[in-house]
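Tertiary structure, described
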Amino acid sequence: MTEIEKTYHPQSMEQRWYNQWESKSYFASSGKGYPYSIMLPPPNVTGSLHMGHGFGFTLIDVLIRYHRMCGMNTLWQTGTDHAGIATQMVVERKLNLQGKTRHDLGREAFIKKIWEWKEESGGNITRQLRRLGASMDWSRERFTMDEGLSCAVREVFIRLYHEGLIYRGKRLVNWDPVLLTAISDLEVVNQEEDGKLWHIRYPFTDAEGCMIVATTRPETLLGDVAVAVHPDDERYQHLIGKHVKLPLTDRTIPIIADHYVDPLFGTGCVKITPAHDFNDYAVGSRHGLDPINIFTPTAHLNENTPKSYQGLDRFKAREQIVKDLETQQLLEKVENHKLKVPRGDRSNTVIEPYLTYQWYVKSKVLAEPAIRAVENGDIKFVPENWNKTYFQWMHNIEDWCISRQLWWGHRIPVWYDENGNTYVGHDEADVRQHYQLNADVLLTQDDDVLDTWFSAALWPFSSLGWPEQTNDLKVFFPTSVLITGFDIIFFWVARMIMMSLKFTGQVPFREVYITGLIRDAEGHKMSKSKGNVLDPIDLIDGIELEALIQKRTYGLMQPAMAQKIEKATRKEFPEGIPSYGTDALRFTFCSVASYTREIRFDTNRLGGYRNFCNKLWNASRYVMMNTESHDTGLQDKLMTLSLPDRWILSRLQNTIAEAHEQIKQYRFDLYAQALYDFTWNEFCDWYLELSKSILTSNKSTLEMLRGTRHTLVTVLEALLRLLHPITPFITEEIWQRVAPLAGKKGESIMLEHYPQVEEKFFDENAMKELEWLKNIIVAIRTLRSEMNVPPGRLLSILLRKGSNFDKTNYATHQHLLFSLAKLECVNWLEQNAIPPQSTAAFVGELEIFIPLAGLINKDEEAARLNREMAKLKKDLAIIENKLKNPQFVDKAPAEVVDKERVRLQEITLTLSKLENQLEGLVNIV
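No experiment lies behind these values; they were computed from the predicted model shown. (Residues numbered from 1 in each chain as written. Predicted model: local features only at pLDDT ≥ 70, side-chain atom pairs only at ≥ 80, totals over all residues. Heavy atoms only, no water.)

As for the sheet that holds strand β27 (residues 823-828)
So the rule is basically this: Should DSSP find at least two bridges between two strands, the strands are taken to pair. Segments assigned H or I by DSSP are reported as helices when at least four residues long, segments assigned E as strands when at least two residues long, and all are numbered from the N terminus. Note on geometry: axes are lines fitted to C-alpha atoms, helical ones only across the stretch in contact, with angles between N-to-C directions running from 0 to 180 degrees.
Spatially, β27-β26-β29-β28 is the arrangement adopted by the four strands of the open sheet, whose pairing is mixed. Unpaired on one side and paired on the other, β27 and β28 (838-843) mark the two borders of the sheet. Direction aside, the axes of adjacent strands within the sheet are offset by 25 degrees on average.

Things to note about the state of the cysteines
Using the following cut-off: Put simply, a disulfide is two cysteine sulfurs that come within 2.5 Å.
One pass over the full model with this rule turns up zero disulfides. The thiol sulfur of Cys269 is not disulfide-bonded, and the nearest other cysteine sulfur, from Cys210, lies at 9.7 Å.

A look at the environment of His53
As a reminder, the rule being used: Note on contacts: a residue pair is in contact if any heavy atoms of the two residues lie within 4.5 Å.
Position of His53 among the secondary structure elements: in helix α2 (residues 51-69). Sequence-wise, His53 and Leu129 are 76 residues apart; in three dimensions their C-alpha atoms are separated by 9.0 Å. When residues no more than four places from it in sequence are discounted, the contact partners of His53 are Pro43, Ser48, Thr58 and Ile125.

Considering unusual backbone geometry
Worth spelling out the cut-off: Only protein chains enter the calculation, and the probe is 1.4 Å; a residue is then buried if its accessible area is under 20% of its type maximum, exposed if over 50%, and partly exposed in between.
Backbone torsion omega between Val382 and Pro383 reads -5 degrees, so that peptide bond is classified as cis. Positive phi is not limited to glycine here, since Lys822 has a value of about 55 degrees. By the secondary structure assignment, Lys822 is in the loop between α28 (814-821) and β27. Assessed through its relative accessible area of 36%, Lys822 is described here as partly exposed.

Side note on the packing of aromatic side chains
The description of an aromatic ring pair rests on the distance of the ring centres and on the angle between the ring planes. Threshold: Pairs were defined over the aromatic rings of Phe, Tyr and Trp, the Trp ring being its six-membered one, requiring ring centres within 6.5 Å. Orientation was assigned from the angle between planes: stacked under 30 degrees, edge-to-face over 60, tilted for the rest.
In total, this model carries 35 aromatic pairs according to the counting rule given. Between Tyr18 and Trp21, the aromatic rings sit 6.3 Å apart at their centres with planes inclined by 65 degrees, giving edge-to-face as the arrangement. Placement of the pair is Tyr18 and Trp21 together in helix α1 (residues 14-23), with a separation of three residues, close to one helical turn. Side by side, Tyr18 and Trp21 carry an identical accessibility label, which is buried.

Some words on the packing of α2 against helix α20 (residues 582-591)
Spelled out, the test is: In this scheme, roughly parallel covers angles under 35 degrees and roughly antiparallel covers those over 145, while 65 to 115 is roughly perpendicular and the rest are oblique. Residues are sorted three ways: Asp, Glu, Lys and Arg are charged, Ala, Val, Leu, Ile, Met, Phe, Trp, Tyr, Cys and Pro are nonpolar, and all the rest, Gly among them, are polar.
With their axes 9 Å apart at the nearest point, α2 and α20 run at an angle of 90 degrees to one another. Classified by the angle their axes make, α2 and α20 are roughly perpendicular. Across the interface between the two elements, Met51, Gly54, Phe55, Thr58, Leu59, Asp61, Val62 and Arg65 from α2 touch Arg586, Phe589 and Cys590 from α20. Grouping the constituent residues of the contact of α2 with α20 by class yields six nonpolar, two polar and three charged.

Structural notes on the pattern of salt bridges
Inclusion rule: Here a salt bridge means any side-chain nitrogen of Lys or Arg lying within 4 Å of a carboxyl oxygen belonging to Asp or Glu.
For the coordinates displayed, the defined rule picks out 50 salt bridges. The closest approach of N and O atoms between Glu682 and Arg651, which form a salt bridge, is 2.6 Å. Taken together, the positions of Glu682 in helix α23 (residues 668-696) and Arg651 in helix α22 (residues 643-664) put the pair 31 residues apart, joining distant regions of the chain. For the pair Glu682 and Arg651, a shared accessibility class is recorded, and that class is buried. Salt-bridge contacts for Asp898 lead to Arg901; the nearest nitrogen and oxygen are separated by 3.9 Å. Residue Asp898 and its partner Arg901 are located together in helix α31 (residues 894-920), separated by three residues, close to a single helical turn.

Describing the nonpolar core
Convention followed: Buried residues of nine kinds, namely Ala, Val, Leu, Ile, Met, Phe, Trp, Tyr and Cys, make up a nonpolar core once their side-chain atoms join them within 4.5 Å.
Residues Phe601, Phe668 and Phe683 are the most contacted members of the largest nonpolar core, which totals 138 residues. Element by element, the count of residues in this core is highest for α23, at 13 residues. Once residues lying within four places of it in the same chain are set aside, the contact partners of Phe668 are Leu59, Val62, Leu63, Ile483, Tyr513, Cys590 and Ala593. By size, the runner-up hydrophobic cluster in this structure holds 64 residues, among which are Met39, Phe381, Phe391 and Phe509.

Next comes the structure, spelled out in structure tokens:
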């Protein structure tokens, strides 16, 4: 067996162990045990691992590794999403650098280019997932554009179409005038920007005067079809039903009443432009007003506007319209105004509500069973409060726009003949056969592709082989749990539920664990423009300061912004980001995984968990140094378990039980905390120190030595298995060396059983006795620290027992007390004896005195006593006020009042003793 290195170096082991796990197919489902499956939320094939990925995928891996070790037949289905817009943009940019566009190549050749790019460069995200330690079965990797999943997409579209649940209609959509496609709400970033509020005069048609209408978009007035007021607004009730002249046009429009209008905003009069505002579209529909589209797909003004404006870009048109309003004295005033501006997350252009023909899914029919599935408990949201969010959206669901004006994606399986008749099928041959069309009927396929979320909605069952009834589908579907952020409950979670129920008759998953969103340490969203983005791989490997600055400022068009980000980065990471290793990053992710909506990620925590890994490493070296080539009780020889042995074995059972419970509740933070506390505080700080006393004592019998060595290796080995789901690399590295000492012969820790509670090791007496001993040691150490006594200096102390104190415990464990408290001698005081000038501490009925003569600085000790007394007097005053208050004494529970009275007596007694100590300082030489 090779000796474990003195220093923990994560870089030397992580890639080595991952390659071995993957090459030996350890991630594959075992085919044994109850099935447990999770679908990887498929990342974009163009993407790189970001902090949200790192966080969510770490939690999934913890669950998969845990359930694998619990003997379940686990499947973590992996794959990537074709990411229509993102992928098309990447390849288009490459063409642009060559002075070409996709139109120069044509559709077929362009799509071929994308497939080539995907094969060459699309594996970055999967390589990064491996760096994170994700134990997914790579042999099952799917891609949402592979043939099997594409077949499933077409099948779903065809079935929904034939049932009348898919239709083509003209409605308002989010339109990107740069990418020339409809986009989803999730692809729209609403950011606050400085704008203007223009107050425009709309003259009455039948009287002098005008209505003043406030708008942030004066260019859209050319598409106005009404002016709306609130029906209860007394200022305008007499005008409802009348008409006004639409400025800069020869049209008149009605004044209508609608509850949508906010009387307090602007003038309380709102222009209604149904073709270019979602709220206005709803108002127009309620009042039977036909929308007037004034824009081309590129957001230039079209033929529905006066000739002087036709062909102008929307923002140029805004400038001209404002000038013309001023010229015609129709502009009342202009105010500065902050407003939310919708921008495309890919193009960064202002998104335009746009009236166009698109394909839609009738969602209300599909939503009804999806609502019932959550109501009746077939699907459980964790935390449960997310039910409300889900229900709110589902009860108000609108039809889903599923078409996109792109080339890359699942092309809509619809064909048209020369007369505009519509046919659906898997391909043209299928269409001709199904509809019995002759070869001389010319068919043309719809140019649009499906929304990426359409194929994503089928992911839980399509990735398992549907529409074929595969064995994987029978075994692993429904899946066990989905882990995702709350921001896509609507876009993905709800749609997966709807589609799974529709096409399989089953829910896609039993539970949905909703995580918070990762923010920076100040609670801000991580974004390129803020310069606060963290790359998980940089946290694993480290990155030099200049390289980090270049990474954060690359591609920024505004020098001032780049300079600001550079300055902030130099302040936050003056020496760059050090290498923390994967295990420290994973532990940090788990430690912050609470039930909150937002999760603040502070890189300072990474250092703490890197220190934890160092602590575990050094503890393991200690164990191996003291057990290798020694008798660890593997041969069924007699052994005696000391108090520390029995205590740590009992505490281990408590920790195992806590780990199982917190995993069950998806409280990764409490799971991580329980393992951290046991490892650092109990195993390393206490048990290892206590074991040294036993292993070095000439009073320890052979059976005691054997018992302690056996406990050292068995507890460490179990601890490594407990920690493995969170920190897979370091635990595997250490386990390979520790396992033989504990009698284990397995190939890998990840194939071992997760620790289970063993009732025989619960020992309440041992826990009580050792806690008593720890309290004494801590009290002595605290006094030593407060008096600045060097840690290595041996102390002489005095003890005085209370009337109910049993000295048997002390006698039994005296050697442990002497060793850990660094004592030279202990003397017992009689009950009424007056101790010499000393500093004192109290552990239950035991009084501990450390004589001060020649040991401390008298002035400093007096100051310490005064501080302690001031604190106690403050506490005493609070309790006395409580007990003087009849409201508290009469209404609080009796046990609460009694507890305060006991505490009052304790503080009073302690104060008396401290005052005596302070008086005694006078006589110290």
